[in-house]
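Here are the chains, one letter per residue:
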Amino acid sequence: TRRGQVQEAIEAYKKAIELTPDNPNLHYNLGVEYLKANKFPEAADEFKKVTELNPKEKDAYYNLGVLNDSYLGDKEAARMYYTKYVKMSNNPEEIKRVKGWIAQIDKEKKEFR
């Protein structure tokens, strides 16, 4: 089953991380598997670890933005991660899209005051 495959992948990445804990790619892939399993706090922890190990990994910031925005309910953190992503990205379409999300967070913030 799909669910079983995701769980197997999670276990495999955890074992690999035990052997090479400072490999950002392993943490990133584990984060992706946690996303597939709807384990959002665990995914966020792995993407944060990626940014500690490799502060230039823009996709980890993107994923942290989406996680905080859509699943963890932390708009401030989402805005911070989106902003970091925008500063690092060189994809004009993605930058425009993510800037739109930042604007939406700012708009919602104003409405709640």
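Residues numbered from 1 in each chain as written. Predicted model: local features only at pLDDT ≥ 70, side-chain atom pairs only at ≥ 80, totals over all residues. Heavy atoms only, no water.

1. A closer look at the nonpolar core
Ranked by internal contacts, the top residues of the largest apolar core, which has 27 residues, are Phe47, Leu67, Tyr82 and Val98. Those elements giving two or more residues to this core turn out to be helix H1 (2-19), helix H2 (24-36), helix H3 (40-53), helix H4 (58-71), helix H5 (75-88) and helix H6 (92-112). Here the element with the most residues in this core is H5; it accounts for six residues. Among residues more than four places away in sequence, those in contact with Leu67 are Leu35, Phe40, Ala43, Ala44, Phe47 and Leu72. (Core = buried A, V, L, I, M, F, W, Y, C linked by side-chain atoms within 4.5 Å. Buried < 20%, exposed > 50% of the residue type's maximum accessible area, 1.4 Å probe, protein only. Helix = DSSP H or I, 4+ residues; strand = E, 2+ residues; numbered from the N terminus. Contact = heavy atoms within 4.5 Å.)

2. As for the packing of H3 against H4
Interaxial distance between H3 and H4 falls to 9 Å at its minimum, and their mutual angle equals 150 degrees. Relative to H4, H3 is oriented roughly antiparallel. Crossing geometry of H3 relative to H4 is assigned as left-handed. Facing H3, whose interface residues are Phe40, Ala43, Ala44, Phe47, Lys48, Val50 and Thr51, H4 presents Ala60, Tyr61, Asn63, Leu64, Leu67 and Tyr71. (Axes fitted to C-alpha atoms, helices over the stretch in contact; angles between N-to-C directions. Parallel < 35°, antiparallel > 145°, perpendicular 65-115°, else oblique. Left-handed = near helix turned anticlockwise from the far one by under 90°.)

3. Some points on the pattern of salt bridges
A complete count under the given rule lists nine salt bridges for this structure. Here Lys75 makes a salt bridge to Glu108, at a shortest N to O gap of 3.9 Å. Of the two residues, Lys75 sits in helix H5 while Glu108 sits in helix H6, which places them 33 residues apart along the sequence. Glu111 is paired through a salt bridge with Lys107; the nearest N and O atoms lie 3.8 Å apart. Pair noted here: Glu111 and Lys107 are both in helix H6, with a separation of four residues, about one helical turn. Look at Lys107 and you get partly exposed, because its relative accessible area is 47%. (Salt bridge = Lys/Arg side-chain N within 4 Å of Asp/Glu carboxyl O.)

4. Considerations on the packing of H1 against H2
Remark: H1 packs on H2, axes separated minimally by 9 Å, with the N-to-C direction vectors making an angle of 155 degrees. The angle between H1 and H2 falls in the class roughly antiparallel. In this structure, H1 meets H2 at a crossing whose hand is left-handed. For the pair H1 and H2, the contacting residues are Arg2, Val6, Ala9, Ile10, Tyr13, Lys14, Ala16 and Ile17 in the first and Leu26, His27, Asn29, Leu30, Glu33, Tyr34 and Lys36 in the second.

5. Looking at H1
The first and last C-alpha atoms of H1 sit 26 Å apart over 18 residues, in line with the 26 Å expected at 1.5 Å per residue. Looking at H1, one finds that the buried residues are Val6, Ala9, Ile10 and Ile17. Projection of H1 onto a plane perpendicular to its axis shows the buried side chains occupying an angular sector of 105 degrees, all on one side. With respect to the buried face of H1, the exposed residues turned more than 90 degrees away are Gln5, Glu8, Lys15, Glu18 and Leu19. On the buried face of H1, the contacting elements are H2 and H3. (Expected span 1.5 Å × (residues − 1). Arc of directions from axis to C-beta.)

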